[in-house]
Amino acid sequence: MTSARPDRDATIDRMRGTVIVLMVLDHVRWFLSNARFDPSDPAQTAVPLFFTRWATHFCAPVFMMLAGVGAYLALGRGRDGRGLSRFLLTRGAWLVLLELTVARFGWAFNLDYHYSSALVLWALGWCMIALAVIVRLPRPVVAALAVGMIAGHNLLDGVMPGGWGRWAWLWTILHVPGPIELGPARFDVLYPLVPWLGVMAGGFALGPLFAKPPAERDRVLVRTGLVMTAAFLVLRLANGYGDPAPWTPQATSIRTVLSFLATTKYPPSLLFLLMTLGPALAALPVFARWRGSVAEVVRTLGRVPLFFWLLHVPLVHAIALLLSLTRYGMVVPWLVENPPAEPPPGYGYGLVVVYAVALGVVALLYPACRWFAEVKRRRRDPWLSYL
């Protein structure tokens, strides 16, 4: 057990660091891309733009899954069940608070709280709060709950918030993304909780695999990932259950392939999760064997994910402001105003600029991440586990 821990931790950190880099790419694309349409729309998109967006679909599912795995592994690091529940409860509440304050300012650069949104930190936080209860259940029950939420939540796609009357806001938070009107204010929920909680609980149920010998762990992970990927292909070809948006034949064969891959993220459909988590699980052994300088950079980022997250959004936003000043001689109002503000015609840059800025953001933040990772390695102050 002791000798396996560094390997399993490095594997998780490398995968988490990889999706952090993809996350930066997605957020830079959001602020700087000149494509003012859904890049997943097979009828409008270009192939490089589609796959730039498609690759970033792995970020949220992998984060959620690894958060569940990390919760299980914490049981072997001096926390009992009660201590783990307390930690998940307090860290979850902390993430929700960060979403509504620090993260919200990083996205908006204004203090006009007539508009706020529930994004990934919100979902991570509330899922951790729910997991604080779920982890006290027997692991087979946790696994059954995870499978039920992931595989069954699309059965509820036809249930709309309006049918809940004055409790409509609760169904929006749980399952159907959309706005919640709070008098003159609006709160947009983009990450409904039910399917994401299933992913986090599934990660917790997988946790014991990471205490097994690497060969056994890798064999089970690869088989599980391949089965999930095959299930995605079969269900998607059938074009029936698993996603509210069926694929359709397009004008060209490549656009038909794009339609096939364009599954629903908000909320994440069964097919979206099979499409992302299946390959991710199958690839985990690759991350276990990855070595070299790039692997070490990625691992460092993966050791301090929240620290990186809180720094990168305002940095990307600030770069967008500087580019706006350079190009227009002013800050484009869209960058500092609440929705429904829109960027001006012709705003933005192509993918070459998007990729270059994303790599620049990672390079700029890496020294700070390396410093903070070293602080976390040397010290055991309780507050460090919350950042």
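Residues numbered from 1 in each chain as written. Predicted model: local features only at pLDDT ≥ 70, side-chain atom pairs only at ≥ 80, totals over all residues. Heavy atoms only, no water.

1. With respect to the sheet that holds strand β3 (residues 185-189)
What counts, and what does not: Strands qualify as paired when DSSP identifies two bridges or more between them. We count a stretch as a helix when DSSP gives it H or I for four or more residues in a row; a strand needs E for two or more, and each element gets its number in order from the N terminus. Helix axes use the C-alpha atoms of the stretch in contact, all axes being lines fitted to C-alpha atoms, and the angles between their N-to-C directions lie in the range 0 to 180 degrees.
Spatial ordering of the open sheet is given by β1-β3-β2, a layout of 3 strands whose pairing is mixed. Bordering the open sheet on either side are β1 (115-118) and β2 (178-182), each of which pairs with just one other strand. The mean angle between the axes of side-by-side strands here comes to 25°, regardless of whether they run parallel or antiparallel.

2. A look at the packing of helix α13 (residues 305-328) against helix α14 (residues 351-378)
Defined as follows: Definitions for this section: a left-handed crossing has its near helix turned counterclockwise from the far helix by less than a right angle. A right-handed crossing has that turn clockwise. Note on definitions: a residue-residue contact is assigned when non-hydrogen atoms from the two residues lie within 4.5 Å. Classes in brief: Ala, Val, Leu, Ile, Met, Phe, Trp, Tyr, Cys and Pro nonpolar; Asp, Glu, Lys and Arg charged; the others, Gly included, polar.
It is at 10 Å that the axes of α13 and α14 come closest, and there the two elements cross at 145°. The crossing of α13 and α14 is right-handed. Contacts between α13 and α14 involve Phe307, Phe308, Leu311, His312, Leu315, Val316 and Ile319 on the former and, on the latter, Val357, Val361, Leu364, Leu365, Ala368, Cys369, Trp371 and Phe372. Along the lines of polarity and charge, the residues of the contact of α13 with α14 split into 14 nonpolar, 1 polar and no charged.

3. Considering the pairing of β3
Where we set the bar: Under the scheme applied here, a residue whose accessible area is under 20% of the maximum for its type counts as buried, over 50% as exposed, and between as partly exposed, the area being computed with a 1.4 Å probe on protein chains only.
When you tally the buried positions in β3, you get 4 out of 5 residues, the bulk of the element. Bridge count between β1 and β3: 4 bridges; the pairing is parallel. The residue of β3 that forms the bridge with Ser117 is Asp188. Hairpin geometry of β2 and β3 is characterised by an intervening segment of 2 residues between the two adjacent antiparallel strands and by a positive phi of about 65° at Gly183.

4. Regarding a nonpolar patch on the surface
As a reminder, the rule being used: Residues enter patches when they are more than 30% accessible in relative terms and free of salt bridges; like-charged ones are connected within 9 Å and nonpolar ones (Val, Leu, Ile, Met, Phe, Trp, Tyr) within 5 Å. Throughout, the Shrake-Rupley method with a 1.4 Å probe supplies accessible areas, and for residues the shown protein chains are the sole cover considered. Any Lys or Arg side-chain nitrogen located within 4 Å of an Asp or Glu carboxyl oxygen qualifies as a salt bridge.
Taken together, the side chains of Leu155, Leu156, Val159, Trp164, Trp167, Trp169 and Tyr241 present a nonpolar region at the surface, about 650 Å² in accessible area. Note on placement: Trp167 falls in the loop between α6 (139-152) and α7 (168-174).

5. Some points on the state of the cysteines
For clarity, the cut-off: Whenever a pair of cysteine sulfur atoms sits within 2.5 Å, that pair is classed as a disulfide.
All chains considered together, the criterion is met by 0 disulfides. Of all cysteine sulfurs, the one in Cys369 lies closest to Cys59, which takes part in no disulfide; the gap is 15 Å. Taking the relative accessible area as the measure of exposure, Cys59 reaches 7% and is therefore buried.

6. Describing the side chain of His317
Mapped onto the fold, His317 is located in helix α13. Dropping the residues within four chain positions of it, His317 is found in contact with Phe31, Gly106, Trp107, Ala108, Phe109 and Leu335.

7. Here's the deal with the packing of helix α3 (residues 59-74) against helix α5 (residues 120-134)
Where α3 meets α5, the closest approach of the two axes is 11 Å, and the angle between their N-to-C directions is 35°. Two packed elements cross with a definite hand, and for α3 against α5 that hand is right-handed. Of the residues in α5, those in contact with Met64, Ala67 and Ala71 of α3 are Val120, Ala123, Leu124, Met128 and Leu131. Its residues assigned to classes, the contact of α3 with α5 comprises 8 nonpolar, no polar and no charged.

8. Here's the deal with the confidence of the model for the protein
Our working rule: pLDDT expresses, on a scale from 0 to 100, how confident the predictor is about each individual residue.
Per-residue pLDDT for the protein averages 93, and the proportion of residues at 70 or more is 97%. Note that pLDDT drops below 50 for residues 1-5; the model gives that stretch 3 contacts with residues more than four away or on any other chain.

9. Let's talk about the environment of Leu301
Looking at the secondary structure, you find Leu301 in helix α12 (residues 293-303). As a C-alpha pair, Leu301 and Tyr366 span 65 residues in sequence and 7.2 Å in three-dimensional space.

10. A word on the layout of surface pockets
It is the rolling of a water-molecule-sized probe over the atoms that shows where space remains empty. Convention followed: As defined here, a cavity is a set of points on a 1 Å grid over the protein atoms alone where a 1.4 Å probe fits but cannot get out. A pocket is an open set with protein on both sides within 12 Å along at least five of seven lines, and residues line them when an atom is within 4 Å of a point. Grid points are joined across faces, edges and corners, and a volume is the space filled by probe spheres set on the points.
Size it by volume and the second largest pocket reaches roughly 410 Å³. Taken together, 22 residues form the lining of the second largest pocket, with Ala146, Val147, Gly202, Ala205 and Leu206 sitting closest to its centre. Classifying every residue of the lining of the second largest pocket gives 16 nonpolar, 4 polar and 2 charged.

11. Here's the deal with the side chain of Thr56
Definition in use: Throughout this description, a polar contact denotes any pair of N or O atoms lying within 3.5 Å of each other; where both atoms belong to protein, one of them has to be capable of donating a hydrogen while the other can accept it, and for residues adjacent in sequence the pair is counted only when both atoms sit in side chains.
By the secondary structure assignment, Thr56 is in helix α2 (residues 47-56). There is a polar contact of 3.4 Å between the side chain of Thr56 and the side chain of Asp26.

12. What about the pattern of salt bridges?
By the definition in use, this model includes 8 salt bridges. Among the salt bridges present, the one from Glu216 reaches Lys212, with a minimum N-O distance of 3.9 Å. Members of the salt-bridge network, linked through shared partners, are Asp26, Arg29 and Arg53.

13. With respect to the packing of aromatic side chains
This is how it is decided: Two aromatic rings from Phe, Tyr or Trp, using only the six-membered ring of Trp, form a pair when their centres are within 6.5 Å; if the ring planes differ by under 30 degrees the pair is stacked, by over 60 it is edge-to-face, and anything between is tilted.
Overall, the coordinates contain 21 aromatic pairs when judged by the stated rule. The interplanar angle of 15° and the centroid separation of 4.8 Å between the aromatic rings of Trp164 and Trp171 together place this pair among those described as stacked. Accessibility expressed as a relative area gives 30% for Trp164, which makes it partly exposed. Of the residues examined, Trp171 reaches a relative accessible area of 7% and is grouped as buried. Aromatic pair Trp371 and Phe372: ring centres 6.0 Å apart, planes at 45°, arrangement tilted. Residue Trp371 is classed as exposed on the basis of its relative accessible area, which comes to 53%. Given a relative accessible area of 3%, Phe372 falls into the buried group.

14. A short note on the nonpolar core
Applied cut-off: In this description, a nonpolar core means a group of buried Ala, Val, Leu, Ile, Met, Phe, Trp, Tyr and Cys residues linked to one another through side-chain atoms lying within 4.5 Å.
Of all hydrophobic cores here, the largest spans 111 residues; its most connected members are Leu121, Leu131 and Trp196. Looking at this core element by element, the count peaks at 12 residues for α3. Once you skip the residues sitting within four places of it in the chain, Leu121 turns out to touch Leu95, Val96, Leu98, Glu99, Ala103, Leu306, Trp309 and Leu310.

15. Thoughts on the pairing of β2
Bridging between β2 and β3 involves 5 bridges; their strand directions are antiparallel. In the strand pairing of β3, Pro179 is matched with Asp188.

16. As for unusual backbone geometry
Glycine aside, a negative phi is what most residues show, and trans is what most peptide bonds show. Following Tyr266, the chain continues to Pro267 via a peptide bond in cis, the omega torsion being -5°. A cis amide bond, omega 15°, links Pro339 with the succeeding residue Pro340. Structurally, Pro340 is set in the loop between α13 and α14. One non-glycine residue, Phe109, lies in positive phi territory at about 55°. Its location among the elements puts Phe109 in the loop between α4 (81-108) and β1. If you check the backbone angles, Asn239 has positive phi at about 60° while not being a glycine. Looking at the secondary structure, you find Asn239 in the loop between α9 (214-238) and α10 (253-261). Residue Asn239 is classed as partly exposed on the basis of its relative accessible area of 30%.

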